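Here's the letter readout for the chains.
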Amino acid sequence: MLRISLQWIRDYYRDGTAIFFGLLFPIVLVAVLGNMLANYDNADNKIGTLRIGYYAEEGTQAAQAVEGFAGAMDKANGVKLTRAPSIESAKSTVDKNKSDAALLFKDDLGVTVYEGGNKTKNMAANMIAQGFAREGAAYLAAYSSAAREDPAKVAALEKKLAALPTARGGFTADKKHAGRSQTMIDFYAVTMIVMICFMGSGIGAVMGIYYYRKEGLIKRLALSPKRGSSIFIESVLGCIPGNLAQVAAVMIPATFILGARYAADAAGNILLLAFFVLLGTTVTALFMIIGIAVSLKINPYLPIMAVLWSMLFASGSFNKQFSIPGAAAYMPPNIANRAVFELTMFGNTGPLLTLMAVLAVILAVACAVGSRLLLRKK
């Protein structure tokens, strides 16, 4: 029982090259790249031009401050505010990707942020809204002509200022945290794990099948009484300890020696560990299928490494600024990195859990396809 799994485990730990590139090389890259590029690169996401649509009802006290605020913001580089004729119109500009977010101002000095699809720009819009809510309320209380004429209105406005959600800290109460800056160590502590999940698991799976085929083991297994599904699934299970070791070999020293930050709590880090292992296992199963389906006459190590290395570079895993515009967002390493950063930077588990569900489906399909291929060989 599970003898095939044990054979994969033994083969992994007997291979000095696999030990070096799978367990030592990634953390070395985290340390070298994270420190070497700390002063030459920026790990945080670039916001670019922030397009904000806004609406404030005409004739209200808030509208006076909003117009002055919008005029001042238009003079700032990288921020463009556009007035909308209605609340629905302001929201529509976001839905149609004409604005990155919308600010909806109320007469009682409250501000609602209608968010778009870019997490970083949403956070920037929220920070602008918070600043306006505080400063705008103080401005109205001090400079509104109506308030100057009627002292009672000054007291009323001061009460509104004290009751603002931002003053109570409730403006972002629905968010786990408002995001945090990211160092180059934080960036590479994630991307190098994703790198080894593709490089180590992919190359290891193809090379394992290649040597098994070269030694005639695939034929003997196909002719054995074992079912094809059992052979393939045991092979995949045998690679899980290696995938787990690869992830732990980066996460543990990166956290305790290099000071890298992953999730904010233990539950988040356990989720990250499970995700990385699932990612590596899924890549393993897919590349095993390639090794079984394609009868390779030459050693596939260099061709597979060249393809994977190029994909990782093009997706921005080694340098965020070096990627293929438009195409990088659809590359698997980039998708994995973005889902992880949603958790590590913003505390958002949704994208990661969704991606894990997709990976689980892909893994199940890959096991079914791989088992079928072995049955056909039998």
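Up top you'll find the structure we're talking about.
Reading the values: rules and limits
- Residues numbered from 1 in each chain as written.
- Predicted model: local features only at pLDDT ≥ 70, side-chain atom pairs only at ≥ 80, totals over all residues.
- Heavy atoms only, no water.
- Helix = DSSP H or I, 4+ residues; strand = E, 2+ residues; numbered from the N terminus.
- Buried < 20%, exposed > 50% of the residue type's maximum accessible area, 1.4 Å probe, protein only.
- Contact = heavy atoms within 4.5 Å.
- Areas by Shrake-Rupley, 256 points an atom, 1.4 Å probe, with all protein chains shown as cover.
- Phe/Tyr/Trp six-rings, centres within 6.5 Å; stacked < 30°, edge-to-face > 60°.
- Core = buried A, V, L, I, M, F, W, Y, C linked by side-chain atoms within 4.5 Å.
- Salt bridge = Lys/Arg side-chain N within 4 Å of Asp/Glu carboxyl O.
- Axes fitted to C-alpha atoms, helices over the stretch in contact; angles between N-to-C directions.
- Parallel < 35°, antiparallel > 145°, perpendicular 65-115°, else oblique.
- Left-handed = near helix turned anticlockwise from the far one by under 90°.
- Nonpolar A, V, L, I, M, F, W, Y, C, P; charged D, E, K, R; others polar.
- Pairing = 2+ DSSP bridges.
- Patch = residues over 30% accessible without salt bridge, like charges linked within 9 Å, V, L, I, M, F, W, Y side chains within 5 Å.
- Expected span 1.5 Å × (residues − 1).

K.L.:
Can you lay out the overall build of the protein for me, pointing to particular residues and giving the numbers?
P.N.:
When helices and strands are tallied, the protein shows 15 helices and 4 strands. Here the protein holds 378 residues, and the buried ones make up 46% of them. For the protein, long-range pairs separated by at least 24 residues make up 75% of all intrachain contacts whose partners lie at least 6 apart in sequence. For the protein, the exposed area adds up to about 18,900 Å²; of that, 63% sits on carbon and sulfur atoms.

K.L.:
Please set out the packing of aromatic side chains residue by residue, giving values where relevant.
P.N.:
Within the structure shown, the criterion is met by 4 aromatic pairs. Ring centres of Phe-187 and Phe-341 lie 5.7 Å apart, and the angle between their planes is 20 degrees; on these two criteria the pair is classed as stacked. Of this pair, Phe-187 sits in helix 9 (residues 184–214) while Phe-341 sits in helix 14 (residues 332–346); the two residues are 154 residues apart in sequence, bridging distant segments of the chain. Classification of Phe-187 as buried rests on a relative accessible area of 3%. Measuring from ring centre to ring centre gives 5.6 Å for Phe-275 and Phe-276, while their planes differ by 55 degrees; the resulting arrangement is tilted. One aromatic cluster in this structure is built from Phe-187, Tyr-188 and Phe-341.

K.L.:
I'd like to hear about the nonpolar core, residue by residue, with values.
P.N.:
Formed by 68 residues in total, the largest nonpolar core has its most connected members in Phe-232, Tyr-262, Leu-272, Phe-275, Phe-276 and Leu-279. Contributions of two or more residues to this core are made by helix 2 (16–36), helix 9, helix 11 (228–256), helix 12 (266–293), helix 13 (301–314), helix 14 and helix 15 (350–377). Examining the composition of this core, we find that 20 residues originate from one element, helix 9, more than from any other. Not counting the four nearest positions on each side in its chain, Leu-272 is found in contact with Met-251, Tyr-262, Ala-263, Val-340, Leu-343, Thr-344 and Leu-352. Counting residues in each nonpolar core, the second largest holds 18 residues, with Leu-50, Ala-56, Leu-103 and Ala-125 among its members.

K.L.:
Provide a residue-level description of the pattern of salt bridges, including the pertinent values.
P.N.:
Summed over the entire model, instances satisfying the criterion amount to 2 salt bridges. We note a salt bridge from Arg-261 to Asp-186, for which the minimum N-O separation is 2.8 Å. In this pair, Arg-261 sits in the loop between helix 11 and helix 12 while Asp-186 sits in helix 9, placing the two residues 75 residues apart along the sequence. Overall, the relative accessible area of 33% leaves Arg-261 in the partly exposed class.

K.L.:
I'd love a proper account of the packing of helix 9 against helix 13, names of residues and values included.
P.N.:
Between two packed helices, both the angle of their axes relative to each other and the distance between the axes serve to describe the pair. Look at helix 9 against helix 13: their axes get within 10 Å of each other, and the N-to-C directions meet at 160 degrees. If you check the angle between helix 9 and helix 13, you find them roughly antiparallel. Helix-helix and strand crossings are classified by hand; for helix 9 and helix 13 the assignment is right-handed. The residues of helix 13 that touch helix 9, namely those facing Met-195, Phe-198, Met-199, Ile-203, Val-206 and Met-207, are Tyr-301, Ile-304, Met-305, Leu-308, Trp-309, Met-311 and Leu-312. Looking at side-chain class alone, the contact of helix 9 with helix 13 contains 13 nonpolar, no polar and no charged residues.

K.L.:
An account of the pairing of strand 3 (residues 101–105) is requested, with residue identities and associated values reported.
P.N.:
Looking down a regular strand, the side chains alternate between one sheet face and the other. Of all 5 residues in strand 3, 5 are buried, a share of seventy percent or more. Residue alternation in strand 3 divides its side chains into two sets, Ala-101, Leu-103 and Phe-105 and Ala-102 and Leu-104, and both sets are buried. Here strand 3 runs beside strand 4 (residues 111–115); their pairing, made up of 5 bridges, is antiparallel. If you follow Phe-105 over to strand 4, its bridge partner there is Val-111.

K.L.:
Any chance you could break down the pairing of strand 1 (residues 50–56) for me, citing the residues and the numbers?
P.N.:
Buried residues dominate strand 1, accounting for 6 of its 7 residues. Of the pairings in the sheet, the one linking strand 1 to strand 2 (residues 79–83) comprises 5 bridges and is parallel in character. The residue of strand 2 that forms the bridge with Ile-52 is Leu-81. Note that strand 1 and strand 3 share 5 bridges and pair parallel. Note that in strand 3 the partner of Gly-53 across the bridge is Ala-102.

K.L.:
So what's going on with the sheet that holds strand 4? Residues and values would help.
P.N.:
If you trace the 4 strands from one edge of the open sheet to the other, you get 2-1-3-4, paired in mixed fashion. Edge positions in the open sheet fall to strand 2 and strand 4, since each of these has one partner strand only. For this sheet the average axis-to-axis angle between neighbouring strands, irrespective of direction, equals 25 degrees. Lying over the sheet, helix 4 (residues 87–95) contacts strand 1, strand 3 and strand 4, oriented at roughly 165 degrees with respect to strand 3.

K.L.:
How would you sum up a nonpolar patch on the surface? Please name residues and give values.
P.N.:
Together, Phe-20, Phe-21 and Leu-24 give the surface a local cluster of nonpolar side chains, amounting to about 270 Å² of exposed area. By secondary structure assignment, the location of Phe-21 is in helix 2. A relative accessible area of 36% means that Phe-21 is categorised as partly exposed.

K.L.:
Before we move on, can you summarise helix 9 with the specific residues and values?
P.N.:
Between its terminal C-alpha atoms helix 9 stretches 43 Å, which fits the 45 Å expected from 31 residues at 1.5 Å a residue. By the criterion of burial, helix 9 is predominantly enclosed, with 26 of the 31 residues buried. Following helix 9 by one or two positions, Gly-216 adopts a phi angle in the positive range, close to 80 degrees.

Without other data, these values stay purely geometric and don't point to any function.
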